[in-house]
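Commentary on secondary and tertiary structure
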Amino acid sequence: MNIREFIKEYFNMSRYVALGTMDGILAVMGVTLTASGVAGATGLEISNLAVGLTGLSGGIALAMSNAFGSFIGERAEEVRTIRELEQKMMLDEGKLDDTHIHQQAKKRIYMSMFTHGFSSFAGSFVPVVPFLLIPDRITATICTIVLCFTALIILGVYLGRVSRESLLKTSLEIVLIGILIGVVSFLIGGGHG
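I will try to describe carefully the structure that is included in this document. What you see as residue numbers is a count from 1 along each chain, following the sequence as written. Side-chain atom pairs in this predicted model are given and counted only at pLDDT of 80 or more, local residue features only at pLDDT of at least 70, and totals for whole chains, interfaces and linings cover all residues. Calculated side-chain values reflect all of the structure's heavy atoms, with hydrogen atoms and water omitted.

**Let's talk about the pattern of salt bridges**
Where side chains of opposite charge bring their charged atoms close, a pairing between them can arise. Think of a salt bridge as a Lys or Arg side-chain nitrogen and an Asp or Glu carboxyl oxygen that are within 4 Å of each other. Scanning the entire structure with this criterion turns up six salt bridges. Linking E84 and R80 is a salt bridge whose minimum nitrogen-to-oxygen distance equals 3.1 Å. Note that E84 and R80 are positioned in helix 3 (residues 48-88) at a spacing of four residues, about one turn of the helix. According to the relative accessible area criterion, R80 is partly exposed, its value standing at 39%. E173 serves as the salt-bridge partner of K169, at 3.8 Å between the closest nitrogen and oxygen. We count a stretch as a helix when DSSP gives it H or I for four or more residues in a row; a strand needs E for two or more, and each element gets its number in order from the N terminus. In this scheme, a residue with accessible area under 20% of its type's maximum is buried, one over 50% is exposed, and one in between is partly exposed, where area comes from a 1.4 Å probe on protein chains only.

**Regarding helix 6 (residues 167-189)**
Take the number of residues in a helix, subtract one, and multiply by 1.5 Å to get its expected span. Between its first and last C-alpha atoms helix 6 spans 32 Å; for 23 residues at 1.5 Å apiece the expected length is 33 Å, and the two agree. What helix 6 keeps buried is the set T170, S171, I174, V175, G178, G182, S185 and G189. Whether two residues are in contact is decided by their heavy atoms: any pair within 4.5 Å suffices. Buried residues along helix 6 sit in contact with helix 2 (14-42) and helix 5 (137-163). As used in this structure description, the phrase polar contact means that two N or O atoms lie within 3.5 Å; if the pair is within protein, one of them must be able to donate a hydrogen and the other to accept it, and residues adjacent in sequence are counted only when both atoms belong to side chains. For helix 6, the side-chain oxygen to backbone nitrogen distance between the N-cap and L168 is 3.4 Å, and the N-cap itself is S166.

**Description of the packing of aromatic side chains**
Under the pairing criterion, centres of Phe, Tyr and Trp rings, with the six-membered ring standing for Trp, must be within 6.5 Å; the plane angle then separates stacked pairs below 30 degrees from edge-to-face pairs above 60, leaving the rest tilted. Throughout the structure, instances matching the rule amount to four aromatic pairs. Centre to centre, the rings of F71 and Y110 are 5.7 Å apart; their planes meet at 35°, and the pair counts as tilted. Of this pair, F71 sits in helix 3 while Y110 is found in helix 4 (residues 100-133), placing the two residues 39 residues apart along the sequence. Residue classification places Y110 among the partly exposed positions, given a relative accessible area of 47%. Ring centres of F121 and F125 lie 5.0 Å apart, and the angle between their planes is 90°; this geometry places the pair in the edge-to-face category. Of this pair, F121 and F125 both sit in helix 4, four residues apart, roughly one helical turn. Taking relative accessible area as the criterion, F121 reaches 29% and is therefore assigned partly exposed. When its relative accessible area of 29% is taken as the criterion, F125 is described as partly exposed. Among the aromatic side chains, those forming a connected cluster through ring pairs are F6, F114 and F118.

**With respect to the layout of surface pockets**
Only protein atoms enter the 1 Å grid, on which a cavity is a set of points fitting a 1.4 Å probe that cannot get out and a pocket is an open set with protein on both sides within 12 Å along at least 5 of 7 lines, lining residues being those with an atom within 4 Å of a point. Grid points are joined across faces, edges and corners, and a volume is the space filled by probe spheres set on the points. Considered as a void within the structure, the largest pocket measures approximately 210 Å³ in volume. Lining the largest pocket are 14 residues; nearest its centre among them are L33, S36, G37, T141 and F186. Listed by contribution, the elements that provide at least two residues to the lining of the largest pocket are helix 2, helix 5 and helix 6. No other element matches the five residues that helix 5 contributes to the lining of the largest pocket.

Printed below as a string of structure tokens:
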């Protein structure tokens, strides 16, 4: 598979692109805003770099979890589908192993693993970049919120196009989820201080 085919296949797995990117943005936004809020509320001298690296480490863990979760889940589904096909064809279990059908299933499994994990990893950079580049905590927090909600709107437009639903409705749903996570993160991290 050449790079062009790989990229096309990547975006054909829009479910995992969307899930992973949204997971990365929202989960790491929550971790990053909570870490920033705790630092501000407690008065501890925690650098923005430490806040950013905390979020990034959460993003790496999330990406790995999503990748391996996709691998295990997709593998179970693909094996079940192959076993059902063998049964319908009145073949012994395992007779379709190492066939073209089996090879295509393996390709889908590994592609879903990569797509979900990589999209989660890429999405996790959105909330942490301001903390890695901007020394002022308030400015970095505001930039993170703006970047995250901009990315969520773009993701909503992408999902709206893929599903052929209202771009506004899809974007609004995702932004509302982001607001909920942002409020919870604020309350946990710094809203009580």
